[in-house]
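Below, each chain spelled out in residue letters.
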Amino acid sequence: GENVEQHPSTLSVQEGDSAVIKCTYSDSASNYFPWYKQELGKGPQLIIDIRSNVGEKKDQRIAVTLNKTAKHFSLHITETQPEDSAVYFCAASKGSNYQLIWGAGTKLIIKP
Amino acid sequence: EPEVTQTPSHQVTQMGQEVILRCVPISNHLYFYWYRQILGQKVEFLVSFYNNEISEKSEIFDDQFSVERPDGSNFTLKIRSTKLEDSAMYFCASSDATDGYTFGSGTRLTVV
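Only a predicted model underlies this, so the values are computations on that prediction, with no experimental measurement involved.

## A look at the sheet that holds strand 8 (residues 75-79) of chain B
All names here are of chain B.
Okay, step 1: If you trace the four strands from one edge of the open sheet to the other, you get 1-3-8-7, paired in antiparallel fashion. One side of each edge strand has no neighbouring strand; the edge strands of this open sheet are strand 1 (5-7) and strand 7 (65-68). In this sheet, adjacent strand axes meet at a mean angle of 20° when their direction is disregarded.

## What to know about the packing of aromatic side chains
Okay, step 1: If you walk through the whole model with that rule in mind, you get 21 aromatic pairs over all chains.
Okay, step 2: Plain terms: the ring middles of Trp102(A) and Phe103(B) are 5.6 Å apart, the flat faces sit at 75° to each other, and that makes the pair edge-to-face. Here Phe103(B) lies in strand 10 (residues 101-103) and Trp102(A) lies in strand 10 (residues 101-102), a pairing that spans two chains. As far as burial versus exposure is concerned, Trp102(A) and Phe103(B) are alike and both buried.
Okay, step 3: Ring centres of Phe32(B) and Phe75(B) lie 5.5 Å apart, and the angle between their planes is 40°; on these two criteria the pair is classed as tilted. Of this pair, Phe32(B) sits in strand 4 (residues 31-37) while Phe75(B) sits in strand 8, and the two are 43 residues apart along the sequence. The residues Phe32(B) and Phe75(B) share a single accessibility class, namely buried.
Okay, step 4: Linked through ring pairs, Tyr36(A), Phe89(A), Trp102(A), Tyr33(B), Tyr35(B), Phe45(B), Phe91(B), Tyr101(B) and Phe103(B) together constitute an aromatic cluster.

What counts, and where the lines are drawn
Residue indices follow the written sequence of each chain, beginning from 1 at its first position. Labels follow written order: the first chain is A, the first ligand is 1, and so on. A pLDDT threshold of at least 70 governs which residues receive local features in this predicted model, and a stricter bar of 80 or more applies before side-chain atom pairs are shown or counted, although totals over entire chains, interfaces and linings include all residues. Water and hydrogen atoms play no part in the side-chain values, which are based on all heavy atoms of the structure. Only strands joined by at least two bridges in the DSSP assignment are considered to pair. Strands here are runs of E lasting at least two residues and helices are runs of H or I lasting at least four, both read from the DSSP assignment and numbered beginning at the N terminus. Between N-to-C directions, angles cover 0 to 180 degrees, with each direction set by a line fitted to C-alpha atoms, over the stretch in contact for helices. Aromatic rings from Phe, Tyr and Trp, taking only the six-membered ring of Trp, are treated as a pair when their centres fall within 6.5 Å; an angle between ring planes under 30 degrees marks them as stacked, one over 60 as edge-to-face, and anything in between as tilted. Working definition: with a 1.4 Å probe on protein chains only, accessible area under 20% of the residue-type maximum means buried, over 50% means exposed, and in between means partly exposed.

Quick look at the structure:
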């Protein structure tokens, strides 16, 4: 079955710098790759997603890149702000209505 | 913005007792899911539900678990005889199969 690996487990960056979180997946049939942000005491919130027919997607300070050949995808956050501090999860599935297989999460800390 | 609502936010129960976790998905969504997250671990898929029946379930979702959509708005997860290892955050999610999942804020289940 699908397995998703996520790195790093903790990432500390200076406010204003960029943050990059990387994930790899194993099942070539996976074609939907969302990223979720989870703040303390809240449920995961979708921040961006990408489908396998696209290599890159951007939404303001957030971007996701996908390399289907290498089976990896990355989250890029530019000009980080204190409110970006949270746990970020990547996930993969065979479609938006199939189960999500999750990465282990990255705790992002933005230092003022 | 439409939300997925979960109640209660926190449930404490004695081992062996039955619990029902409740969810109100987004009204025009057709796919419903339960996931759980044991403290410090990955988010894990439990079950997906479509057209009034289970469409997919994981190994975790054994005979102790059941789901129901008793009316047009609620989606429930029942654990018949809780065990200590059932202690986790339980997340409900819904999807219209095009825009990805929307998650609720979760129910923290503590089995003592």
